[in-house]
Amino acid sequence: MQVAAALAPAERDPARWARVAIVTLALLLLWPGIRLTEFNPAALVDPANLRVMGQFLGQFFPPALSQEFLLLVGRSTLETLAIANVGIALAFLVAFPLSIATTAVLSQSSLGPARDAGLRRAIRYPLRLFVILLRGIPELVWALLLVRAVGLGATAGVLALAITYGGMLAKVYAEIYESTGTRAARALMESGSGRVQAFFYGVLPSSMREMVSYTVYRWECAVRASVIMGFVGAGGLGQQLELSMRMLNGAEACTFLATFLLLVMLADAVSNFFRRALA
Amino acid sequence: MTAAVALALKRLTVMREGERRALDGVVLSIRPGERVAVIGPSGAGKTTLLRVLATALRQTDGSVEILGTDPWALDAGARRRLRARIGLIHQAPPLPPRQRVVTAVLAGRLGSWPLWKALVSLAYPLDMAGARAELARLDLSDRLFDRCDRLSGGQAQRVGIARVLYQQPELILADEPVSALDPALANHTVGVLAAEAQARGVTLFASLHAVDLALAHFPRIVGLRDGRVAFDLPTEQIDAQRLDQLYSQEGYLPTQEGRPFEASRNRPLQSPLCK
């Protein structure tokens, strides 16, 4: 304050009132949110809660390591990986044709543009809406719905990943096509090439690396997501972890959590390796 | 299927960015098998004209007839088949950097190949001999399996030309096809294009910055300035005065070497390449 008072008015930061206003506004906007969520840090140190947590955490050591249990952990880990792999593969099958179909620059009628270009754009619009619908609902919600439809187990997880990640991949693929330059594809279409041919000869060569890189990153996300979806009954490591936690079996929870951590670190390393190898 | 005219433009006008007229009432008629060069200062509308003829751009006003049809009256499928009969050589070759030369050349026939053939050829080039033959005409057959981003600017430009040669279009359009080549190679390459058009009896319409190349290889010259046809004459009738007027703001006549064009006034020109 003394410094500010010592400065002549002309030397004060002209942005100071704007900054004060922004901070005040942010606090005003946050306050109702804090009230609505009943955010109460005191609950963390409440003696009753602390005792339950303490008991649960106390059981973490030693972790459950019986041979029978480790077999279950191994099987669940494989199931989680399988959900992620099959989910991503199906998502790719959903996304790849959709991305080619919804890319505006691969449109024949946009050359010129032809007289019916507006109509053709309108026809493609529902497809774009469909892509938004696919990725607009989180995979966890799809998993919840699908567990009701196809029952507990990995199938629900795989389908949920295929739907949401299919939508995400379709959108990002289309963005990659547009950003890596489409002059080559348009030149091909100007000499009579069809949309699909123009894609494979004009767009894919420049887009492939980015596509692979993003798909590998999505696979890494799918590994994490398939653990989380297990909590709502969609199979794998998450489902077992949820069972152990519900029974407050700290030793088992500890082993599952450690496995989960290892798996995510592994996925991260694999994903990094692929993306660096491609860069 | 030979039409009476390869190209017919009537009062062709193209507006760019709202009010500016890139082309303003262009009238032009070219018979099948003719070789015509279009010259003119930068910004005269040469590229716009070529894009209209390649059906990449639809005119704002006036009419266009290409290989006997109005492309914009056709349905999408017929327009695609028409486009397969037109080959445009771009000034900057539109080649994906990571694609191999052989694939880039074979892409010329995507308009006539069925989809399965295009996809198989992506995995294993189906007509390597055909691609090699076109590259050989342009002294590039040794680069068949190089990636396009390993090529120099001049080599990439010739790969773009090889693609259009491989396409075997009935109408060859070229937009500054040799701008990245040295004078000797430029002369050879324009010669290959002219010979191709002559041998197959197809129409060649090319824009060129180097006036001497236009005079040496084309029997008919169209001068374009400010989006209008300034002159449209047999090459013998082009003299220095006309060229002076066409390029008057630039101050000198461009040649391949970038030196002023040496010619005496009011006398038919003899190109240095016409020996």
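Since the model is a prediction, treat every value here as computed from it, not as a measurement.

Caption draft 1: Local environment of the sheet that holds strand β6 (residues 171-175) of chain B. All names here are of chain B. Across the sheet, which stays open at both edges, the six strands sit in the order β5-β6-β7-β3-β8-β9 with mixed pairing between neighbours. Only two strands of the sheet have a single neighbouring strand rather than two, namely β5 (86-89) and β9 (228-234). Going across the sheet, the axis of each strand differs from the next one's by a mean of 15 degrees, ignoring polarity. Pairing between β5 and β6: four bridges, direction parallel. Bridge assignment links Ile86 to a residue of β6, and that residue is Leu171. Contacting β3 (35-39), β5, β6, β7 (203-207) and β8 (220-225), helix α1 (residues 46-53) crosses the sheet at an angle of about 155 degrees to β6.

Caption draft 2: Up close: helix α9 (residues 195-230) of chain A. Under the 1.5 Å per step criterion, the end-to-end length of α9 of chain A is only 40 Å for 36 residues, more than 12% shorter than the ideal 52 Å. Along α9 of chain A, the largest kink reaches about 65 degrees and is centred on Leu204 of chain A; proline Pro205 of chain A follows within four residues of it.

Caption draft 3: Structural detail: unusual backbone geometry. Residue Pro62 of chain A is reached from Phe61 of chain A by a cis peptide bond, and omega for that bond is 0 degrees. Topologically, Pro62 of chain A is positioned in the loop between α3 (47-58) and α4 (67-102). One non-glycine residue, Leu248 of chain A, lies in the positive phi region at around 50 degrees. One can find Leu248 of chain A in the loop between α10 (236-246) and α11 (250-278). Even without a glycine there, the phi angle at Glu176 of chain B is positive, about 45 degrees. On the secondary structure map, Glu176 of chain B appears in the loop between β6 and α7 (183-200). In this structure Glu176 of chain B comes out as partly exposed when scored by C-beta crowding, with 19 C-beta atoms within 10 Å.

Caption draft 4: Molecular detail of the sheet that holds strand β1 (residues 7-16) of chain B. Residue and element names in this part refer to chain B. If you walk across this open sheet you meet the three strands as β2-β1-β4, and the pairing is antiparallel. Each of the sheet's edge strands pairs with one partner strand only, and the pair in question is β2 (20-30) and β4 (61-66). Averaged over all neighbouring strand pairs, the angle between strand axes comes to 25 degrees, with direction disregarded. Examined bridge by bridge, β1 and β2 share seven bridges and lie antiparallel to one another. Across the sheet, Leu9 pairs through a bridge with Leu28, a residue of β2.

Caption draft 5: Fine view of the domain arrangement of chain B. Residue and element names in this part refer to chain B. By domain assignment, chain B separates into domain 1 (1-85 + 169-275) and domain 2 (92-168). Contact with domain 1, which involves eleven residues of that partner, is made by 13 residues of domain 2. With four residues, α7 is the largest single contributor of residues to the side of domain 1 that touches domain 2. When the residues that make up the side of domain 1 that touches domain 2 are grouped by side-chain class, the tally is eight nonpolar, one polar and two charged.

Caption draft 6: Focus on the pairing of β9 of chain B. In this sheet, β9 of chain B lies alongside β8 of chain B in antiparallel orientation, the contact comprising six bridges. When the sheet's bridge partners are listed, Ile221 of chain B is paired in β9 of chain B with Leu233 of chain B.

Caption draft 7: Quick look at the interface of chain B and chain A. Between chain B and chain A, the residue contacts involve 30 residues of the former and 23 residues of the latter. Going through the elements one at a time, α2 (76-84), β5 and α4 (115-123) of chain B are the ones with two or more residues in the side of chain B that touches chain A. It is α2 of chain B that contributes the most residues to the side of chain B that touches chain A, five residues altogether.

Caption draft 8: Representation of the environment of Pro97 of chain B within the structure. For Pro97 of chain B, the position within the fold is in the loop between β5 and α3 (101-106). C-alpha separation for the pair Pro97 of chain B and Ala84 of chain B, spaced 13 residues apart in sequence, amounts to 24 Å. Residue contacts for Pro97 of chain B: discarding those within four places in its chain leaves Ser206 of chain A together with Cys148 and Asp149 of chain B.

Caption draft 9: Structural view of helix α6 (residues 139-150) of chain A. Residues and elements named next belong to chain A. Given a rise of 1.5 Å per residue, twelve residues ought to cover 16 Å, and the 15 Å separating the end C-alpha atoms of α6 matches this to within 8%. Those residues of α6 that sit buried are Glu139, Trp142, Ala143, Leu146 and Val147. One face of α6 carries all of its buried residues, which in axial projection span an arc of 140 degrees. Where the residues of α6 are buried, they touch α7 (154-179) and α9. Looking one or two places after α6, you find Gly151, whose phi comes out positive at around 90 degrees.

Definitions and cut-offs
- Note that residues are indexed from 1 along each chain, following the sequence as it is written.
- In the order they appear in the text, chains get letters beginning with A and ligands get numbers beginning with 1.
- Given that this is a predicted model, residues contribute local features only at a pLDDT of at least 70 and side-chain atom pairs are listed and counted only at 80 or more, while totals for whole chains, interfaces and linings are drawn from all residues.
- Two strands form a pair only when DSSP identifies at least two bridges running between them.
- In this text, helices come from DSSP runs of H or I with a minimum length of four residues, and strands from runs of E with a minimum of two, each type numbered from the N-terminal end.
- Between N-to-C directions, angles span 0 to 180 degrees; the directions come from axes that are lines fitted to C-alpha atoms, helices contributing only their stretch in contact.
- Think of it this way: build a C-beta for each residue from its backbone, and any pair within 7 Å is a contact.
- In this scheme, a helix's expected span is set at 1.5 Å multiplied by one less than its residue total.
- A residue's bend is simply the angle between two axes: one fitted to the seven residues ending at it, one to the seven starting at it.
- Between the buried cut of 20 or more and the exposed cut of 12 or fewer other C-beta atoms within 10 Å of a residue's own C-beta lies the partly exposed class, and all C-beta atoms are placed from the backbone.
- Boundaries of every domain are those given by an automatic assignment or by a domain database.
- Classification convention: Asp, Glu, Lys, Arg as charged; Ala, Val, Leu, Ile, Met, Phe, Trp, Tyr, Cys, Pro as nonpolar; all other residues, Gly among them, as polar.
- Summarising the geometry, the arc corresponds to the directions from the helix axis toward the C-beta atoms.

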